[in-house]
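Read off the chains here:
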Amino acid sequence: GRLIARQHDELTPQVQADAAERVHALFCNLEQTLSAMVRGEGDAALAGADAERGLQQWSQQMQSALAQNHERLNQRGRNGWVRRCHGDLHLGNLALVDDQPQTFDALEFDESLATIDVWYDLAFLLMDLAHRDEHAAAGHVLSRYLLEWSCAEGEQGLAALPMFLG
């Protein structure tokens with residue numbers, strides 16, 4: 001958590017007045033990918049009625065979360081919390097080197113996908129930990145991350161985190 005917070009702190013802020021639209025575009029891209037999977041396209045097909053219902057439910061939840069967080073996201077963008085982040089921050093892209101965690105293999109092929117709210121970047125790791133039933137580890141990472149940021153930033157980020165985890 002400290003490593004990621006320090007890396008985020010070192011990144012150049014990308015002031016974005018339309019940060020909510022950027023998040024909306026990312027969610028639309030993800031929805032298209034998931035929709036193709038539900039239609040049975042690609043290597044990771046999820047075809048079936050349950051997958052279709054799940055996608056519809058997720059899409060509705062994301063639209064609602066975006067509406068609820070629209071101004072918060074834009075404010076975060078204006079305040080410089082959108083940065084050129086790692087973009088693919090999951091356990092497969094972390095390693096221990098000399099007993100110290102290191103990130104590697106950042107998303108380099110699409111700057112628009114990696115220029116995101118720092119909390120969206122962190123959410124990738126938290127989701128991966130939760131997916132592996134490592135909830136205590138996810139809580140520890142989040143706690144350490146919060147300790148590195150100011151109180152106001154932490155509160156703003158925490159308020160948006162459920163949407164980023166969605």
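As a starting point, this report considers the structure included with it. Given the structure is predicted, the values throughout are model-derived calculations rather than measurements.

1. Comments concerning the overall build of the chain
Reasoning step 1: In terms of regular secondary structure, the chain is built from 7 helices and 4 strands.
Reasoning step 2: The order of α-helices and β-strands along the chain, N terminus first, is α-α-α-β-β-β-α-β-α-α-α.
Reasoning step 3: What you see for the chain is a C-alpha radius of gyration of 16 Å, in line with the 15 Å of a compact globule of 166 residues.
Reasoning step 4: The C-alpha extent of the chain, read off along each of the three principal axes, is 45 × 40 × 30 Å.
Reasoning step 5: Across the 166 residues of the chain, 37% fall into the buried class.
Reasoning step 6: Counting only contacts in the chain whose residues sit at least 6 apart along the sequence, the fraction spanning at least 24 positions is 74%.
Reasoning step 7: Counting only carbon and sulfur atoms, one obtains 51% of the accessible surface of the chain, whose full area is about 9300 Å².
Reasoning step 8: Positive and negative charge centroids in the chain, built from 12 and 25 side chains respectively, lie 5 Å apart.

2. Digging into unusual backbone geometry
Reasoning step 1: For aspartate 99, which is not glycine, the phi dihedral falls at a positive 65°.
Reasoning step 2: Within the secondary structure, aspartate 99 sits in the loop between strand E2 (94-97) and strand E3 (100-103).
Reasoning step 3: Even without a glycine there, the phi angle at aspartate 133 is positive, about 60°.
Reasoning step 4: The topology assignment puts aspartate 133 in the loop between helix H5 (118-131) and helix H6 (135-148).
Reasoning step 5: Since its relative accessible area comes to 61%, aspartate 133 is described here as exposed.

3. Looking at the nonpolar core
Reasoning step 1: Residues Phe27, Trp119, Leu122, Tyr145, Met163 and Phe164 are the most contacted members of the largest nonpolar core, which totals 35 residues.
Reasoning step 2: Listing elements by their share of this core, those giving two or more residues are helix H1 (2-10), helix H2 (19-38), helix H3 (49-78), H5, H6 and helix H7 (151-165).
Reasoning step 3: If one sorts the elements of this core by residue count, H5 sits on top with 8 residues.
Reasoning step 4: Those residues in contact with leucine 122 that lie beyond four places of it in its chain are Ile4, His8, Val141, Leu142 and Tyr145.

4. Details of the packing of aromatic side chains
Reasoning step 1: The full count for this structure, using the stated rule, is 5 aromatic pairs.
Reasoning step 2: Residues tryptophan 119 and tyrosine 145 carry aromatic rings whose centres are separated by 5.2 Å and whose planes lie at 80° to one another, so their mutual orientation is edge-to-face. Here the residue tryptophan 119 occupies a position in helix H5, and tyrosine 145 occupies one in helix H6, the gap between them amounting to 26 residues.
Reasoning step 3: In this structure tyrosine 145 comes out as buried when scored by relative accessible area, which is 0%.
Reasoning step 4: When the ring of tyrosine 120 is compared with that of phenylalanine 164, the centres are 5.2 Å apart and the planes differ by 40°; the resulting orientation is tilted. Within this pair, whereas tyrosine 120 is found in helix H5, its partner phenylalanine 164 is found in helix H7, the two being separated by 44 residues in sequence. Of the two residues, tyrosine 120 and phenylalanine 164, neither departs from the other in class, the shared state being buried.

5. A look at H2
Because the α-helix completes a turn every 3.6 residues, residues three or four places apart line up on one side.
Reasoning step 1: An ideal rise of 1.5 Å per residue puts 28 Å on 20 residues; H2 measures up with 29 Å between its terminal C-alpha atoms.
Reasoning step 2: Buried within H2 are the following residues: Ala19, Ala20, Val23, Leu26, Phe27, Ala36, Met37 and Val38.
Reasoning step 3: Looking one or two residues past H2, glycine 40 carries a phi angle of roughly 90°, positive in sign.

6. Observations regarding the side chain of aspartate 128
Reasoning step 1: Within the secondary structure, aspartate 128 sits in helix H5.
Reasoning step 2: The exposure class assigned to aspartate 128 is buried, which follows from its relative accessible area of 12%.
Reasoning step 3: There is a polar contact of 2.8 Å between the side chain of aspartate 128 and the backbone nitrogen of leucine 91.
Reasoning step 4: Side-chain polar atoms of aspartate 128 contact the side chain of arginine 132, separated by 3.0 Å.
Reasoning step 5: Discounting chain neighbours no more than four positions away, the residues touching aspartate 128 are His90, Leu91 and Gly92.

Criteria and thresholds
Residues numbered from 1 in each chain as written. Predicted model: local features only at pLDDT ≥ 70, side-chain atom pairs only at ≥ 80, totals over all residues. Heavy atoms only, no water. Helix = DSSP H or I, 4+ residues; strand = E, 2+ residues; numbered from the N terminus. Rg over C-alpha atoms; globule rule 2.2 N^0.38 Å. Buried < 20%, exposed > 50% of the residue type's maximum accessible area, 1.4 Å probe, protein only. Contact = heavy atoms within 4.5 Å. Areas by Shrake-Rupley, 256 points an atom, 1.4 Å probe, with all protein chains shown as cover. Lys, Arg positive; Asp, Glu negative; His and termini not counted. Charge placed at Lys NZ, Arg CZ, Asp CG, Glu CD. Core = buried A, V, L, I, M, F, W, Y, C linked by side-chain atoms within 4.5 Å. Phe/Tyr/Trp six-rings, centres within 6.5 Å; stacked < 30°, edge-to-face > 60°. Expected span 1.5 Å × (residues − 1). Polar contact = N/O pair within 3.5 Å; in protein donor to acceptor, adjacent residues only side chain to side chain.

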